[in-house]
Every structure is written in C-alpha cells, then in structure tokens.
Amino acid sequence: MRSKVQAHADFAPPAFFIPSLGLKGDLSPPSCTLLTPSMALPMRSLLTNPDRYLRSFRLFLEKSTEHQSMREFMERQLPDVIASIGNGKSTINVLSIGGGAGEMDLLILSKVQARYPGVAINNEVIEPSADQISKYKERVAQTSNLGKVKFTWHEETADEYESRMNAEKKSKKWDFIHMIQMLYYVKDIPATVRYFHSLLESQAKLLIILVSGT
C-alpha cells in the first residue's frame, strides 16, 4: 500500500512533491466479509470522538513514513520556500493551522530561525484539540533556542478562527501560513484556502501538505 504527499506553496499549482508516504508491511486483512445494504452500518467520523481519533492517528504514524517524508521536505525544500518571507522585517508572523502536538511546527520554526537569525518570531497556532495543545506546550518547554519565539495557542478549528476574525472585524496579515494534513477536516476546502491566502503579506507564503488521491 503506497501513498504520496503533495506540498503546495503559495496559491500556485503543486510546487513541491514528497514521495513515499507508504505503510510498512502488508496490512491488508486476510479475508473480507461482504455486507448487503441491510447489513451495512453508517460510518461515523473519527472527529466525533477526539480520543479515538488521536489513538488512530498515532497508530497511523507508527505504521507509515508520513513524518519521515515531511521531515525530508522540511530539510531539503523548505529553506527555499521561506527564503524571502522575512526580508527587512523585525518580526516574522507565522500562523499554524492544525498544529497538532507541534513536532512539525518546531521543525519549521528552526528553519525560519536559521534563515533569519536573531529576528523575533510571532507563532500563533490554531488547534481544536486541548490534548494536542498540551503536548505542544510540553514540547516547547523541552526545546532550547526558542527565546525569540512568542507562542500563542487558540483552541479552535480553522472555520472557528475565520468566524472569530470576521466577528471581531480583524484581518491580521501573516508572513508564513502552513496547513499540514488538516484540510481533510474543513467544510469547504476552496473557501478555506482562499480565506487564509487573503491573509498573506506581499512576500508571504502559504504551505499546504496533503496525502494525494493517488
């Protein structure tokens, strides 16, 4: 079973491609039972049970090379993506949509820091899971060299963030916005991408990483 990850920078056609988001070993079941329509049960979204979702997601990470593929992208191609986002700025504003427990976020921040040493970074995180935010904060507390980074967490979805900003009549601009493995959970993908794209500064970038349909 093989799958791939696609990464998009800005609003252009796919700019980056990460191969080998595969599963280790053969996980196919030894047999399959055919259900007739009368036997079939409606499938409930994992999002209705956050604890079960997190357990399922951790199992997925154990069996896949997803994080390895994303790490390779961050090491090899992200520096070029962020090469101009902070030019001439005293503070770089970064927005993480669906930041999870922060593993990829901190890797991204390390690359921003390497490109712009000594520049302050304002990193805001949109994440609906309180458990994930707690783990994110623990990871930050255990990581050195973050003295120039200010963290702010918002326990909400991307849709809720947009609604809150509209209600407060705010439209803060960002130098870098990333949406990693989270567009599966929004109601209207094109509208969500258009909204966050509208929040970009002139030299900013929007990074989207998804598992491809193939």
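Criteria and cut-off values
Residues numbered from 1 in each chain as written. Predicted model: local features only at pLDDT ≥ 70, side-chain atom pairs only at ≥ 80, totals over all residues. Heavy atoms only, no water. UniProt positions renumbered as here; feature names shortened; annotations may be inferred. Buried < 20%, exposed > 50% of the residue type's maximum accessible area, 1.4 Å probe, protein only. Helix = DSSP H or I, 4+ residues; strand = E, 2+ residues; numbered from the N terminus. Pairing = 2+ DSSP bridges. Right-handed = clockwise from strand over helix to strand, strands pointing away. Salt bridge = Lys/Arg side-chain N within 4 Å of Asp/Glu carboxyl O.

Per an unreviewed UniProt entry, the recorded name for the protein chain is Histamine N-methyltransferase isoform X6, and the organism is Lepidothrix coronata. Comment text from UniProt for the protein chain, heading Subunit (unreviewed entry), reads "Monomer."

(A) Representation of the pairing of strand β4 (residues 120-126) within the structure. Taking burial as the measure, the 7 residues of β4 include 6 buried ones, the bulk of the element. In this sheet, β4 lies alongside strand β3 (residues 91-97) in parallel orientation, the contact comprising 7 bridges. Its bridge partner being in β4, isoleucine 92 is matched across the sheet by isoleucine 121. Tracing the backbone out of β3, into helix α4 (residues 103-115) and back to the parallel element β4 gives a crossover that is right-handed. Pairing of β4 with strand β5 (residues 149-154) involves 6 bridges; the strand directions are parallel. The partner of glutamate 124 across the bridge, within β5, is threonine 152. For the segment spanning β4, helix α5 (residues 130-141) and β5, crossover handedness is right-handed.

(B) Quick look at the pattern of salt bridges. Scanning all chains against the criterion turns up 7 salt bridges. In this structure, aspartate 175 and lysine 89 form a salt bridge, with 3.2 Å as the shortest nitrogen-oxygen distance. In this pair, aspartate 175 is assigned in strand β6 (residues 174-180) and lysine 89 in the loop between α3 (78-81) and β3, connecting sequence segments 86 residues apart. Under the relative-accessibility criterion, aspartate 175 is labelled buried at 1%. Here the residues in one salt-bridge network are Glu156, Arg164, Glu168 and Lys170, joined through shared partners.

(C) Up close: unusual backbone geometry. The backbone of asparagine 145 shows a phi angle near 65°, a positive value even though the residue is not glycine. Along the chain, the position of asparagine 145 falls in the loop between α5 and β5. Positive phi, close to 55°, is recorded for lysine 169, a residue that is not glycine. Within the fold, lysine 169 resides in the loop between α6 (158-167) and β6. When its relative accessible area of 76% is taken as the criterion, lysine 169 is described as exposed.

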